[in-house]
Amino acid sequence: MLAKRIIPCLDIKNGRTVKGVNFVDLRDAGDPVELAALYSAEGADELVFLDISATEERRKTLVNMVRHVAEKINIPFTVGGGISSVEDVEILLNNGADKVSINSSAVKNPQLINDLAQKFGSQCVVVAIDAKQINGQWIVHLVGGKVPTELNLFDWAVEVAARGAGEILFTSMDNDGTKNGFANEALAKLSELVNIPIIASGGAGNIQHFVDSFKIGKADAALAASVFHFKEIEIKALKRELKNNSIEVRI
């Protein structure tokens, strides 16, 4: 059985780690390079680094910061934000990223998923999907959750998997920052529909929420931000508790 992964997420704005609720009301959470080094030392399985305003501000991810983070850690590292071409990905991988996360650019140009998978391998391509429920339907949103599309979460997930994505990072905008738990029903449905790993994101508030994301949501990995940044959950303690719940993790 593959070990489940715990992934701290660093949302970056203006060179600082930030965290909000439902994608708004951002507050400072520290220096991304220092946090990355800390999480690597504490036993995180991977890191995700999202330059959350890159798409909105139409600029590229901060390459220098990617390089500095890569120098400090020894775990896989995914970078997202403002990535829209094969060239963008090449630059990030050359500066220390292990994988890239694409979101808005994948919706606008789905062929990009195929191109990246073909050039760098599926294992390198994470498609992030931000979705919220509107009239009972999970609707995909772009540009940091600001722009609704007509895409249904589940239809889009099936398409990105078919196009060669290696993983899906699903963030429930309804749950994001609320600390009320992950969107386990949607996660479980995603896991049934596609045969690539699903990373749960949005809603972690306590250790039980992580247990539920794996047992009920059938997620392959669980991602969180504020509970780690503000020291509400310690990664080693979280992994011990997951182990106690018969969930396979790397200690």
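Residues numbered from 1 in each chain as written. Predicted model: local features only at pLDDT ≥ 70, side-chain atom pairs only at ≥ 80, totals over all residues. Heavy atoms only, no water.

A. Fine view of the UniProt feature "active site" (unreviewed entry) in the chain. Within this numbering scheme, the UniProt entry marks Asp11 and Asp130 as carrying the feature "active site" (unreviewed entry). Their sequence span is 120 residues, while the largest C-alpha to C-alpha distance among them is just 14.1 Å; these annotated residues converge on one region. Position of Asp130 relative to the elements: it lies in strand β7 (residues 125-134). The exposure class assigned to Asp130 is buried, which follows from its relative accessible area of 8%. (UniProt positions renumbered as here; feature names shortened; annotations may be inferred. Helix = DSSP H or I, 4+ residues; strand = E, 2+ residues; numbered from the N terminus. Buried < 20%, exposed > 50% of the residue type's maximum accessible area, 1.4 Å probe, protein only.)

B. Quick peek at the packing of aromatic side chains. Under the counting rule described, the total for this entry stands at 5 aromatic pairs. Centre to centre, the rings of Phe182 and Phe210 are 5.7 Å apart; their planes meet at 75 degrees, and the pair counts as edge-to-face. Here Phe182, found in the loop between β10 (167-172) and α7 (184-193), pairs with Phe210, found in helix α8 (residues 207-215); they are 28 residues apart in sequence, far enough to count as distant. Of the two residues, Phe182 and Phe210, both sit in the buried class. Through a chain of ring-to-ring contacts, the aromatic side chains of Tyr39, Phe182, Phe210 and Phe228 assemble into a single cluster. In this arrangement the basic side chain of Lys189 is found over the ring face of Phe154, its NZ or CZ atom lying 4.3 Å from the centre. (Phe/Tyr/Trp six-rings, centres within 6.5 Å; stacked < 30°, edge-to-face > 60°. Lys NZ or Arg CZ within 6 Å of the ring centre and 35° of its normal.)

C. Representation of unusual backbone geometry within the structure. You will see that Lys179, though not glycine, has its phi angle at about 60 degrees, which is positive. By the secondary structure assignment, Lys179 is in the loop between β10 and α7. In this model, Lys218 sits at a positive phi of 55 degrees, which is unusual for a non-glycine residue. Relative to the assigned elements, Lys218 resides in the loop between α8 and β12 (221-224).

D. Here's a closer look at the nonpolar core. One finds Phe170, Phe210 and Phe228 to be the most contacted residues of the largest nonpolar core, which totals 72 residues. Setting aside residues no more than four positions away along its own chain, Phe170 makes contact with Ile129, Ala131, Trp138, Leu153, Ala183, Ala186, Leu187, Leu190, Ile199, Ala200 and Ser201. Counting residues in each nonpolar core, the second largest holds 10 residues, with Ile7, Leu50, Leu169 and Ala221 among its members. (Core = buried A, V, L, I, M, F, W, Y, C linked by side-chain atoms within 4.5 Å. Contact = heavy atoms within 4.5 Å.)

E. Geometry of the pattern of salt bridges. The full count for this structure, using the stated rule, is 10 salt bridges. Glu46 is the partner of Arg5 in a salt bridge, and the nearest nitrogen-oxygen pair spans 2.8 Å. Within this pair, whereas Arg5 is found in strand β1 (residues 5-13), its partner Glu46 is found in the loop between α1 (32-42) and β4 (47-51), the two being separated by 41 residues in sequence. Among the residues examined, Arg5 registers a relative accessible area of 11% and is labelled buried. With relative accessibility at 7%, the residue Glu46 sits in the buried group. Taking the shortest distance from any N to any O, the salt bridge between Glu167 and Arg5 comes out at 2.7 Å. Of the two residues, Glu167 is situated in strand β10 and Arg5 in strand β1; the sequence distance between them amounts to 162 residues. In terms of burial, Glu167 and Arg5 fall into one category: buried. (Salt bridge = Lys/Arg side-chain N within 4 Å of Asp/Glu carboxyl O.)

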